[in-house]
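Here are the chains, one letter per residue:
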Amino acid sequence: MNEQQRLIKESLDRLLSDLCSKTTIDKAEKGEFPGELWHALADTGLVLAGLPEDLGGAGGDLADSLFVVREAAKFAAPVPLAEHFLAAVLWSGRGETVREGIMTFAEGDFRLSDNDQLSGTAPAVAFGRWSDTVTLIATRNNEDFLCGVPISEFRVEEANNIAGEPRDALSINLVLNKSQYLGGEPIKRKAYLIGAATRVALMAGALESILEMSVVYSTERVQFGKPIAKFQAIQQQLATMAGEVAASLRAAQSLETKFESMTELEVAIGKSRVGEAVGICTDIAHQVHGAMGYTMEHSLNQRTRRLWAWREEYGSEQEWEIAIGQFFSGNASEKLWDQVTFLN
Amino acid sequence: MFQGLTFEPFALPPEAEALRSEVREFLADSLDASVLPNSDFNAGDSAEFSRALGKKGWIGITWPKIYGGLEKSFFERYVITEELLAAGAPVGCHWIADRQTGPLFLKFGTEKQRQEFLPQIIRGECFFSIGMSEPDTGSDLASIKSTAMKTEGGWVLNGSKIWTSYAHTNHYMVALVRTEPASENRHAGMSQFIVDLGNENVSVTGIKNLSGEEDFNQVFFDDVFIPDDMVVGKPGNGWEQVISELGYERSGPERFLSAFRVLVEFSREISEDADAYQLALLGRLMAHLVTLRRMSISVAGMLEQGDMPITEAALIKDLGNTYERLVPEVVRLANLKNPSSRFIDTLNQCILHAPSFTLRGGTREILKGVIARGLGLR
């Protein structure tokens, strides 16, 4: 963590401790947009951390953006930080000023016809109904077009993921004006990679927080006359979890520091490694918390349900592991070690 | 938040990367192509190889120049060790002396000991064994029973050490023994001695491991006289000294690369258009490997800064050993159609060695205890 990140973490912790309570999250899961929380994040510039100032961002390093996403996930913040950031990176990457309001990104299947008719659908757009504009990639004759369209132009079918986060089905059929799209650069895959990278950051943050919750709980919960933290069986489980969390944090940091030069392989490694940790860590966290952690009343589930949802988004572990396997397989075999050491 | 969970990214500096190509050239020239490479650091030993490595200056590379070292960084040492392991080089002879005996002497040894031993170690001519476990003492190291009694000009050592790798070929052992009876403070009253394994009152009996190899031993001390100048550090300070070795002992690439040759052979067996199931198995294992390596480089960075990352080292060893055990278990399920005998031999060798991965250098239970302490649970 560098000095800039320490400052970000401080203000984020303060803000989220105040404005992102269990109740805030509960209400959001019931459909109430946490406006106060979002606006506080927007006012402090945290929602555009790392983006260039001359394009409307808060300045700093793009690594900071993923760092904000990771830190906010510790609080299970029910706001579209990851999507807002993804959209902002795509526009600012093309030299465009970042738009006002809440942005989301629609990963889907969209086409732009020769007369600029945009049509297509996206099955599960994060926080779609709460956004102001939707960023998406449409294709025309194999060319990618970055499009920004107000949410009001879409047909929105509301749906939630298992964490109660809005994942709305969006469809559209609309003639765009020239100011609404930008062609000339293959960007669809890049958007998918950044999307996956945000999931790595989200998962790593939430994993760190459920470790902390589990450790604290184990020192408070008394059974057989002593805190369960004193039992080796519990200590060993938490130690296993700590290893998974440490590896996840390291994997997430790699994507943060390499953001500008992020490759398919780097994203794949992060999504695979952290996704695998989710299964192990949520298992242990719930086991340590006992029946109490299985209740809706306990805030553990606000993290674990998100972890189970996020590991499926932008490709499960296996999708990425196949890509990693392709990279390291075949005639490259004698070069296996060389390929590993190339990945500093 | 917790102690020992943070592995800040460190990039290997250019001079370390430059050294990498030199090491590869050396390995290409000096490895015997007729020997199936094994990346388990305990699976092969060659005094000749270690001497050749010493000639290059690659043993004790971080140590002071006055003893023959090159005063290079821990990053350069890291690169050398991982290149040796990945190639499956026979590193067994010098490994312990380079990894922990030398650093122990530098931190606690007398000037005379440093002058006598470090140059020999650096030349690849002097090999050390670890003397910690005993027949009745494994994880509970403080329960050791070997004793040294003070006598005129030195100490008289009695007792026995076990699981001592290469005691039959190495020159010395650093043995942890009781110099005072056990008291309420279990960690008090232990000392470390340099024992000449060629001493006529020392006897070494080989123990076959389950793969049929005889690399570890039981070592017996029968009134072995140890001169005063072969005490390492202060008498009675043995426990603290042993603990300080652990940051070096547990954090290196040998804790996650033991099964690496299985991956090499596996990746040779499957092509880019292999079925998705096989590719995903390889992909999963490589994602782990790359992440572990990055964590281990972070630890090299901490050592370079002068930190003593005991918890981090335990954590990476536990995670790495779990991974090493996972590799053959995953690869065997790949359902390869006509695997080469080279693949099968490598996999079988790994399966036979795998039980030792999570025992040597601290069992997984002990490591998890250290991590739990870092979490504040004990």
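None of these values were measured; they are calculated from a predicted model.

**Some thoughts on the overall build of chain B**
- Secondary structure summary: chain B contains eleven helices and eight strands in total.
- At 21 Å, chain B has a C-alpha radius of gyration in line with the 21 Å of a compact globule built from 378 residues.
- By its C-alpha atoms, chain B is 75 × 45 × 45 Å across when sized along the principal axes.
- Sorting the 378 residues of chain B into buried and exposed places 58% on the buried side.
- In chain B, the proportion of contacts linking residues at least 24 apart, taken out of those at least 6 apart, comes to 75%.

**Some remarks on helix α1 (residues 14-30) of chain B**
- Here α1 of chain B is 17 residues long and its end C-alpha atoms lie 25 Å apart, about the 24 Å a rise of 1.5 Å per residue gives.
- Its buried side turned inward, α1 of chain B meets α11 (336-342) of chain A together with α2 (47-56), α3 (74-87) and α8 (276-304) of chain B.

**Overview of the environment of Phe85 of chain A**
Residue and element names in this part refer to chain A.
- Within the element layout of this structure, Phe85 appears in helix α5 (residues 81-93).
- The spacing of Phe85 and Phe105 is 20 residues in sequence and 9.2 Å in space, taken between C-alpha atoms.
- Beyond its immediate chain neighbours, meaning those up to four positions away, Phe85 contacts Leu51, Leu62, Ser65, Leu66, Val69, Thr198 and Phe259.

**Description of the side chain of Arg255 of chain B**
Residue and element names in this part refer to chain B.
- Examined against the element boundaries, Arg255 turns out to sit in the loop between α6 (238-251) and α7 (260-269).
- It turns out Arg255 is buried and unbridged, and the closest side chain with the opposite charge, Glu249, is 4.2 Å from it.
- Non-local contacts of Arg255, meaning those with residues more than four positions away in its chain, are made with Phe41, Arg99, Glu249, Arg250, Lys317, Gly320, Asn321, Glu324, Arg360 and Gly361.

**Some remarks on the domain arrangement of chain B**
Residue and element names in this part refer to chain B.
- Domain annotation for chain B reports domain 1 (14-127), domain 2 (130-237) and domain 3 (241-374).
- Placing a centre on the C-alpha atoms of domain 1 and another on those of domain 3 gives a separation of 21 Å.
- The interface of domain 1 with domain 3 comprises 26 residues on the first partner and 28 residues on the second.
- Both sides of the domain 1 and domain 3 interface together cover about 2,500 Å² of buried area, and 62% of this is carbon and sulfur.

**Observations concerning the pattern of salt bridges**
All names here are of chain A.
- If you walk through the whole model with that rule in mind, you get 46 salt bridges over all chains.
- Linking Arg199 and Glu313 is a salt bridge whose minimum nitrogen-to-oxygen distance equals 2.8 Å. Within this pair, whereas Arg199 is found in helix α6 (residues 188-220), its partner Glu313 is found in the loop between α9 (300-310) and α10 (317-328), the two being separated by 114 residues in sequence. Glu313 matches Arg199 in its accessibility class, with the two residues each being buried.

**Considerations on the packing of α7 of chain B against helix α9 (residues 310-331) of chain B**
Residue and element names in this part refer to chain B.
- At a minimum axis separation of 9 Å, α7 and α9 run at an interaxial angle of 30°. Our classification of the angle between α7 and α9 gives roughly parallel. α9 is crossed by α7, and the crossing has left-handed handedness. Only Tyr323, Val327 and Val331 of α9 make contact with α7, whose side of the interface consists of Val262, Leu263 and Phe266.

Reading the values: rules and limits
Residues numbered from 1 in each chain as written. Chains lettered and ligands numbered in written order. Predicted model: local features only at pLDDT ≥ 70, side-chain atom pairs only at ≥ 80, totals over all residues. Heavy atoms only, no water. Helix = DSSP H or I, 4+ residues; strand = E, 2+ residues; numbered from the N terminus. Rg over C-alpha atoms; globule rule 2.2 N^0.38 Å. Buried < 20%, exposed > 50% of the residue type's maximum accessible area, 1.4 Å probe, protein only. Contact = heavy atoms within 4.5 Å. Expected span 1.5 Å × (residues − 1). Lys, Arg positive; Asp, Glu negative; His and termini not counted. Salt bridge = Lys/Arg side-chain N within 4 Å of Asp/Glu carboxyl O. Domains from an automatic or database assignment. Buried area = accessible area lost by both parts, 1.4 Å probe. Axes fitted to C-alpha atoms, helices over the stretch in contact; angles between N-to-C directions. Parallel < 35°, antiparallel > 145°, perpendicular 65-115°, else oblique. Left-handed = near helix turned anticlockwise from the far one by under 90°.

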